[in-house]
Amino acid sequence: MPWLAHIRLLFLAAALGLAALAPVWAQDLLSARNPTINMRAAPSTDAEVLWRLSQGYPLQVLERRGDWLRVQDFEGDQGWVARSVVGDTPHHIVRSPRANLRAGPGTQHRVVHTAVYGDILRTVRRQGDWVQVQRPDGRGNAWVASELLWGW
């Protein structure tokens, strides 16, 4: 096989590999915009309310049906929310029992706050394996290891 054919085959394999990873990269994430929203069993206001979610709660969109979104949370729970009650303000949720919020992006920085499982944190930005978030106590921003969080 000529070398040009090998290069084409290599590019095809790389493209297929990237396409397989696309769902991981292209997660369609939203967050609860209202102070409290209902996650329902079906796409209707008449459907059973499964959970009430707090403002900022991040959700991954699995399906769109008219004005409704089938979503999944960080624990894998699924349900339906009205499109009108979610937005694109980035948030994370703590998925570990405890997460140290630090003064900078690294374990060498001092701990300035502690978050616990289920705490919702407004995302400011990402830097490598660290996420800068707004502190839940309202005293500025802090950094937390991304492996302790779920969201964007």
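Note that the structure is predicted; figures quoted are calculated from it, not measured. (Residues numbered from 1 in each chain as written. Predicted model: local features only at pLDDT ≥ 70, side-chain atom pairs only at ≥ 80, totals over all residues. Heavy atoms only, no water.)

Colleague: Help me understand the layout of surface pockets, please; the structure alone is not making it clear to me.
Modeller: One simple way to see leftover space: roll a probe sized like a water molecule over the atoms. Considered as a void within the structure, the largest pocket measures approximately 180 Å³ in volume. Taken together, 11 residues form the lining of the largest pocket, with R126, S146, L149, W150 and G151 sitting closest to its centre. Examining the composition of the lining of the largest pocket, we find that three residues originate from one element, strand β14 (residues 149–151), more than from any other. Split by residue class, the lining of the largest pocket holds four nonpolar, four polar and three charged. (1 Å grid on protein atoms, 1.4 Å probe; cavity = no way out; pocket = protein on both sides within 12 Å on 5 of 7 lines; lining within 4 Å. Points joined across faces, edges and corners; volume = space filled by probe spheres on them. Helix = DSSP H or I, 4+ residues; strand = E, 2+ residues; numbered from the N terminus. Nonpolar A, V, L, I, M, F, W, Y, C, P; charged D, E, K, R; others polar.)

Colleague: I keep staring at the pattern of salt bridges and nothing clicks. Help me out?
Modeller: Enumeration over the complete set of coordinates arrives at four salt bridges. Residue D28 is joined to R64 by a salt bridge in which the shortest nitrogen-to-oxygen separation is 2.0 Å. Of the two residues, D28 sits in the loop between α1 (3–25) and β1 (29–32) while R64 sits in strand β4 (residues 58–65), which places them 36 residues apart along the sequence. Between D137 and R135 there is a salt bridge, with the nearest N and O atoms lying 2.6 Å from each other. (Salt bridge = Lys/Arg side-chain N within 4 Å of Asp/Glu carboxyl O.)

Colleague: Is there a simple way to explain the pairing of β1 in this structure?
Modeller: The side chains of a regular strand alternate, residue by residue, between the two faces of the sheet. Both β1 and β4 contribute to a ladder of three bridges, which runs antiparallel. Considered in β4, the bridge of S31 is made with P58. Judged from the two bridges that link them, β1 and strand β7 (residues 86–87) form a sheet pairing that is antiparallel. From the neighbouring strand, S31 faces β7, where its bridge partner is G87. (Pairing = 2+ DSSP bridges.)

Colleague: Got a minute to help me understand the environment of R110 in this structure?
Modeller: Within the secondary structure, R110 is located in the loop between β9 (98–102) and β10 (111–116). The exposure class assigned to R110 is exposed, which follows from its relative accessible area of 59%. Each C-alpha atom of the pair R110 and N100 lies 9.1 Å from the other, and the pair is 10 residues apart in sequence. Discounting residues that sit within four places of it in the chain, R110 has contacts with L101, R102 and A103. (Buried < 20%, exposed > 50% of the residue type's maximum accessible area, 1.4 Å probe, protein only. Contact = heavy atoms within 4.5 Å.)

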